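Spelled out from the first residue to the last, the chains are:
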Amino acid sequence: MENYSELKTSIANWMDRADLNSVIPDFIRLTEAKFNRTLRLRSMEKKYHATTVGGQSNYNLPAGYIQMREFRLNTTPTRSLQYITPEIYESWNFVGSGMPKWYTVIANELRLGRTPDGEYDMEMLFWQRIPNLSDTNTTNWLLSTAPDMYLYGSLMQAEAFIENDKRIPLWKQGFEEAMETLRLQDEKDRHSGSTLIIRS
């Protein structure tokens, strides 16, 4: 399975059903939603740079943002910003401006505290949503890397749809094993080629 069309064909073949073609895209989309809720892989990490504006504390999140991994200002030396909850952010009632030290996420906005007093280069390392497959976006890195995850996840959704509950555990096991294998491989890739050093 190298593309969206081949994936849909494989799902239909494995189900041995010719009457599910119109809903197979739904099975795939539900599986992708689960990927984005549970996976946090190196391939999902993206860097984003933006410049603060003096007097402005609210900024749009990068496209496809799921969760922050690291957020810093590229000052000399660099300064990592500390996450605080929206409730704490609101209760602190920041007064005045200066170099930001904290941030939070409210709705689709990033909010800095304190309000920047000028221009600072913000660098975010964040997890980005896996691009959904479609007739126009026919492949992505995850389908190329782990087509079994797409297949088993979609079959799990399909069995639930046709109320064939006995088959769900089979596909769930295959799906979870594929997910765990991918996570372990990602963990090995992060630490391969060098010895871990513990700093005191």
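So, here is what we can say about the structure in this document. Keep in mind it's a predicted model, so treat the numbers as computed, not measured.

**Examining the overall build of the chain**
Part 1 of the reasoning: Counting its secondary structure elements, the chain contains six helices and 10 strands.
Part 2 of the reasoning: Its C-alpha atoms give the chain a radius of gyration of 22 Å, more than 25% over the compact-globule value 16 Å for 200 residues.
Part 3 of the reasoning: Judged by the C-alpha coordinates and their principal axes, the chain covers about 65 × 40 × 30 Å.
Part 4 of the reasoning: The buried share of the chain, taken over its 200 residues, is 37%.
Part 5 of the reasoning: Across the chain, contacts joining residues at least 24 apart in sequence account for 64% of those joining residues at least 6 apart.
Part 6 of the reasoning: Carbon and sulfur atoms provide 47% of the accessible area of the chain, an area that totals close to 11900 Å².

**Focus on the sheet that holds strand 10 (residues 121-128)**
Part 1 of the reasoning: Taken in spatial order, the four strands line up as 1-10-3-4 in an open sheet, and their pairing is antiparallel. The outermost strands of the open sheet, each flanked by one partner alone, are strand 1 (45-51) and strand 4 (79-80).
Part 2 of the reasoning: Sheet topology places strand 3 (residues 65-73) next to strand 4; two bridges connect them, and they run antiparallel. Bridged to R72 within strand 4 is S80.

**Here we look at the pattern of salt bridges**
Part 1 of the reasoning: Applying the stated rule across the entire model yields 10 salt bridges.
Part 2 of the reasoning: Between R72 and E123 there is a salt bridge, with its nearest N and O atoms 3.2 Å apart. Highlighted residues: R72 in strand 3 and E123 in strand 10, separated in sequence by 51 residues.
Part 3 of the reasoning: Across the pair E159 and R167 runs a salt bridge, and its minimum N-O distance is 3.9 Å.
Part 4 of the reasoning: On the basis of relative accessibility, which here comes to 36%, the residue R167 falls in the partly exposed class.
Part 5 of the reasoning: Three or more residues joined by partner-sharing salt bridges are found here, namely K47, R72 and E123.

**Side note on the pairing of strand 7 (residues 102-106)**
Part 1 of the reasoning: Summarising the sheet, strand 5 (residues 82-83) and strand 7 pair through two bridges and their orientation is parallel. The partner of Q82 across the bridge, within strand 7, is W102.
Part 2 of the reasoning: Bridge count for strand 7 against strand 8 (residues 109-113) is five bridges, and the pairing is antiparallel. Of the residues in strand 8, the one forming a bridge with W102 is G113.

**Considering the nonpolar core**
Part 1 of the reasoning: Ranked by size, the top nonpolar core spans 31 residues in total, and within it I11, F35, L39, L142, M149 and Y150 carry the most contacts.
Part 2 of the reasoning: Of all the secondary structure elements, the ones that give two or more residues to this core are helix 1 (4-15), helix 2 (24-38), helix 4 (141-145), helix 5 (147-161) and helix 6 (168-191).
Part 3 of the reasoning: With sequence-adjacent residues up to four places away left out, Y150 is seen in contact with L7, I28, T31, E32, F35, I130, P131, L133, N140, L142 and L143.
Part 4 of the reasoning: Formed by 15 residues, the second largest nonpolar core is a distinct cluster that contains L61, L73, L81 and Y120.

**Section: the packing of helix 1 against helix 5**
Part 1 of the reasoning: Between helix 1 and helix 5, the least distance of the axes is 10 Å, while the angle of their chain directions is 50°. Taken as axis vectors, helix 1 and helix 5 run oblique relative to one another. The hand of the helix 1/helix 5 crossing is right-handed. For the pair helix 1 and helix 5, the contacting residues are L7, S10, I11, W14 and M15 in the first and Y150, L151, S154, L155, A158 and E159 in the second.
Part 2 of the reasoning: For the contact of helix 1 with helix 5, the class distribution of residues is eight nonpolar, two polar and one charged.

**Details of the sheet that holds strand 7**
Part 1 of the reasoning: Strand order in the open sheet formed by four strands is 2-8-7-5, with mixed pairing between adjacent strands. Whereas interior strands pair on both sides, the edge strands pair on one side only; in this sheet they are strand 2 (58-60) and strand 5.
Part 2 of the reasoning: Pairing geometry for strand 2 and strand 8, over three bridges, is antiparallel. From the neighbouring strand, Y59 faces strand 8, where its bridge partner is L110.

Parameters and conventions
Residues numbered from 1 in each chain as written. Predicted model: local features only at pLDDT ≥ 70, side-chain atom pairs only at ≥ 80, totals over all residues. Heavy atoms only, no water. Helix = DSSP H or I, 4+ residues; strand = E, 2+ residues; numbered from the N terminus. Rg over C-alpha atoms; globule rule 2.2 N^0.38 Å. Buried < 20%, exposed > 50% of the residue type's maximum accessible area, 1.4 Å probe, protein only. Contact = heavy atoms within 4.5 Å. Areas by Shrake-Rupley, 256 points an atom, 1.4 Å probe, with all protein chains shown as cover. Pairing = 2+ DSSP bridges. Salt bridge = Lys/Arg side-chain N within 4 Å of Asp/Glu carboxyl O. Core = buried A, V, L, I, M, F, W, Y, C linked by side-chain atoms within 4.5 Å. Axes fitted to C-alpha atoms, helices over the stretch in contact; angles between N-to-C directions. Parallel < 35°, antiparallel > 145°, perpendicular 65-115°, else oblique. Left-handed = near helix turned anticlockwise from the far one by under 90°. Nonpolar A, V, L, I, M, F, W, Y, C, P; charged D, E, K, R; others polar.

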